[in-house]
Amino acid sequence: MNFLTDSFLSAVLLIWTLDHNLFEIIGVSLKVSSISTLIAGLAGVPSGFLIAFSEFRGKRLVITILNTLLALPTVVIGLFVYAFISRRGVFGTYDLLYTQKAIIIGQVILIIPIVTTLTISAVSRIDDRYRKAALTLGANLLQTARVIIREARFAIIAAIVMAFGRVIAEVGISMMLGGNAKGFTRTMTTAMALEYDKGEFVLSVALGLVLLGVSFAVNIFCNYFQGKGRGNN
Amino acid sequence: MKIKFIWILAVVMISLLNAGSGQSTEKPIKMATTTSTENSGLLDVLIPEFTRETGIQVKVFAKGTGAAIQDGIDGNVDVILVHAKAREEKFISEGYGAYRLGVMHNDFVILGPADDPAGIKGSPDAAGAFRKIAATKVKFISRGDDSGTHIKEQALWKDSRVALKTESSEIIKKGKKLALSFLYPLEMEKKYISIGQGMGKTLTFAEEKQAYTLSDRGTFLKYKYGRKLGLNLEILCEGDPKLFNPYGIIPISPKIHPHVKFELADQFAKWLVSKNAQNLIAQYKISGRQAFFPDAIPDSN
C-alpha cells in the first residue's frame, strides 16, 4: 500500500515540479506516436477503402493476411526492421537505427494492419445503397468515397484512436529500434522498463500513472471531437 | 518463533534438495557472488579443482553485488566473492566479514571505433582519454543504469575535470522526498547518449553509432571474439589502475552468525590466493584472451 501511495505522490510531484526529464520523455512519446499514427492513417484508410470497394481475386486472402498481421508481436517487427536498418543491413548507410525515425518505421508497420482492417470493416458496414445512390447521382469515385467517409467517420476515428493507443503503449519496438537513449528515443514505456530494471519501482509506477493520464487526455480530446461531429448532424 | 520456523523450513528444504540431487554433500559451503563472475565461467574451473583437492563442495549463488553483500549481512551464505571495494571494507568494519583477501582483478577498457577520432589509442591515462573524447565530435554511449560500470564511468568523468552537470528528479519514497541524480559531461550535450541498458546492449549501440564507451573486459571479449559477427570496436585505452575492478573474497564472521561454516569458508578463501588457484586464474581465457589478473602474490602462501 505504502508503495502505491509513494508512487502516486511521486507522479504528482513529477508533474507539479514540471520535471524536465519527465516532460522530455512525454514529448518524445507523443511526437513519435502521433507521427506514426498520422502516417499509418494516411496509408491505411485509403488502402482500406480500396480493398473494401474493389473486387479482385484473392481479396479474401488479403483480408486474412491483414487480420493475421494484427497479431504480429512487436519484437518480430523490431527484429525484422533491425535486420534492414542496422549498420550491417541493406539500409545501414542511412544511420537509422536507434533514432526516432526507426521507431516510427516499426510502429507504422505495427498499426497499418489495424487501421486498414478496421477501415475495411467500417466502410463495408455502410449500406451499399449510399454508394449506389451517389453513383447514380453522377458522383465520381472520389465524391462517392467522400460520402462513405462521412458515414463511416466515427468508426474510422475509432480505428485511429485505437492505433494511437497501440503505439503509445508498446515497448518492444521502441526499445529495440529506439534503444532508450535519454533525450532522443526514451519513451514513457522504455523509461518504465529501465526504472524497473534499476529497481526504482516507485518511479516506474509513477511513470505508468502519467502514461495513463496522457492516454486519458488524448481520449477525452478524441471523444470531444467525435461528440461534436455527432451534434452537428 | 517465526525466524526459528523459517530456519527449520530452510534446513528441511536444503536436506530435501541434497537428497534429490543425490550428491555426497558432507561439507558444502555456500558462496554469494556477482553475476559477472558466474557468467565469465571462471568459477567452473576454480570450484571443481578446489573440491577435488579438499573434498569441500561450494554452492554458488550469483546475484548483483548489492544483493550478494546483503546475503552476507543476513548470514545466508558462508562466504562472498564480490567487487565493490568500498562496500566490502564497510562490510568488514561492521563486523559481518572476518577478513578480506584480494583475489584478482579484471578491468574496464575504453572502447571506440578503429579510426579513433579522439586520438586516445594507447593512452595510459583513462581520465585524460575521457577529456579527449569530450572534446571531439564523436558520441559516447553510457550505460546510464546505476550499474557498477556506470558508477565507474561517472567517477572517471569526475577525474577528467570536464565540466559536469548533475540532473536529478525528485520522487517520494517511504513518505520522504528523494532526489535521483546522475552525472554527465556538460559540453558533450547531444553526443552523450545514456541508454539505461545492460553491457551487451551498450556495446551493440556503440558499435552501431561508431561511438566510444566504457566496458568491462570480459563482456567485451565475449562480444568481440565469442560471436560469428564480432564487434568492430577496439580497445583504445587500458591498463590505468583507475580502470581496475578488484575482486575480494570475504568469509562471513562467525561472531555475528555462529551457524556459518567459517573453517571451511576460511579454507576456501585461503585456497583462492594459493599458488595453484592464482595460476588457474591467470591461465583462464575467454576466446584465447586473459580475462582475470591474479592479485595475490603466488609464493606468499
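Each chain has its residues counted from 1, running along the sequence as written. Lettering of chains starts at A and numbering of ligands starts at 1, both following the order in which they are written. In keeping with the model being predicted, local features are shown solely for residues with a pLDDT of at least 70 and side-chain atom pairs are shown and tallied solely at 80 or more, while totals for entire chains, interfaces and linings include all residues.

J.: Mind laying out the overall build of chain A, listing which residues take part and the relevant values?
T.: Helical segments are the DSSP runs of H or I of at least four residues, strand segments are the runs of E of at least two, and each set is numbered from the N terminus. For chain A, the count of helices and strands is 10 helices and zero strands. Along chain A, helices and strands appear, N-terminal first, in the series α-α-α-α-α-α-α-α-α-α. On the principal axes, the C-alpha backbone points of chain A span a range of 65 × 50 × 30 Å. Burial statistics for chain A: of 233 residues in total, 39% are counted as buried. Long-range contacts, defined as pairs at least 24 residues apart, comprise 74% of the intrachain contacts of chain A with a sequence gap of at least 6. Working definition of burial: number of other C-beta atoms within 10 Å of the residue's own, with buried at 20 or more, exposed at 12 or fewer, and partly exposed in between, all C-beta atoms being placed from the backbone. The contact criterion used here is simple: two residues whose C-beta atoms, placed from the backbone, lie within 7 Å are in contact.

J.: Explain the nonpolar core residue by residue, including any values.
T.: Put simply, a nonpolar core is a cluster of buried Ala, Val, Leu, Ile, Met, Phe, Trp, Tyr and Cys residues tied together by C-beta atoms within 7 Å. In this structure, V115 of chain A together with V79, I80 and I110 of chain B are the most contacted members of the largest nonpolar core, which totals 133 residues. With 15 residues, the single largest contributor to this core is helix α5 (residues 100–125) of chain A. Two domains share this core, each providing at least three of its residues, namely domain 1 (2–98 + 252–300) and domain 2 (108–244) of chain B. With residues up to four places along the chain from it excluded, the contact list for I110 of chain B reads I120, A126, A129, Y212, L214, L236 and C237 of chain B. Start and end points for every domain follow an automatic or database-based domain assignment.

J.: Which residues make up the interface of chain A and chain B, and what are the values?
T.: Listed by partner, the interface residues are 25 residues for chain A and 19 residues for chain B. Of all elements in the fold, only α1 (2–16), α9 (188–197) and α10 (201–232) of chain A reach the threshold of two or more residues within the side of chain A that touches chain B. Broken down by element, the side of chain A that touches chain B gets its largest block of residues, six residues, from α1 of chain A. Throughout, the ten residues Ala, Val, Leu, Ile, Met, Phe, Trp, Tyr, Cys and Pro are labelled nonpolar, Asp, Glu, Lys and Arg are labelled charged, and all others, Gly among them, are labelled polar. Classifying every residue of the side of chain A that touches chain B by side-chain character gives 11 nonpolar, seven polar and seven charged.

J.: I'd like to hear about the domain arrangement of chain B, residue by residue, with values.
T.: Assigned domains of chain B: these are domain 1 (2–98 + 252–300) and domain 2 (108–244). Opposite the eight residues of domain 1 of chain B that make contact, domain 2 of chain B presents eight residues.

J.: Now, about the packing of helix α3 (residues 59–69) of chain A against α5 of chain A: what can you tell me, with residues and values included?
T.: Residue and element names in this part refer to chain A. Axis lines are fitted through C-alpha atoms, for helices just across the contact stretch, and the angle between N-to-C directions can take any value from 0 to 180 degrees. Their axes nearest at 9 Å, the elements α3 and α5 cross at an angle of 130 degrees. By the angle between their directions, the pair α3 and α5 is classed as oblique. Here α3 runs over α5; the crossing is left-handed. Here I63, L66, N67 and L69 of α3 come into contact with α5, specifically with P113, T116, T117 and I120. For the contact of α3 with α5, the per-class residue count stands at five nonpolar, three polar and no charged. By the definition adopted for this analysis, an angle is roughly parallel if under 35 degrees, roughly antiparallel if over 145, roughly perpendicular if from 65 to 115, and oblique otherwise. Crossing chirality is assigned from the near helix's rotation relative to the far helix, an anticlockwise turn below a right angle marking it left-handed and a clockwise turn marking it right-handed.

J.: Report on unusual backbone geometry, specifying residues and quantitative values.
T.: Outside of glycine, negative phi angles account for most residues, and trans bonds account for most peptide bonds. Residue and element names in this part refer to chain B. Its identity as a non-glycine residue notwithstanding, D116 has a phi of 45 degrees, on the positive side. In this fold, D116 is placed in the loop between β4 (101–113) and α6 (126–135). Positioned with a positive phi, R161 is a non-glycine residue whose angle comes to about 60 degrees.

J.: Account for the pairing of strand β3 (residues 79–82) of chain B, naming residues and giving values.
T.: All names here are of chain B. Of the two faces of β3, both are covered, the one formed by V79 and L81 as well as the one formed by I80 and V82. A pair of strands is considered paired only if DSSP assigns at least 2 bridges between the two. With three bridges joining them, strand β1 (residues 28–34) and β3 adopt parallel strand pairing. In the sheet register, A32 faces β3, and the bridge partner there is I80.

J.: Got a sec to walk through the packing of helix α8 (residues 199–209) of chain B against helix α9 (residues 217–225) of chain B? Specific residues and values, please.
T.: All names here are of chain B. Between α8 and α9, the shortest axis-to-axis distance is 10 Å and the interhelical angle comes to 55 degrees. One finds that α8 runs oblique with respect to α9. Handedness of the α8/α9 crossing: right-handed. Every residue of α9 that contacts α8 at M199, G200 and L203 is listed here: T219, F220 and Y223. Of the residues belonging to the contact of α8 with α9, the class tally is four nonpolar, two polar and no charged.

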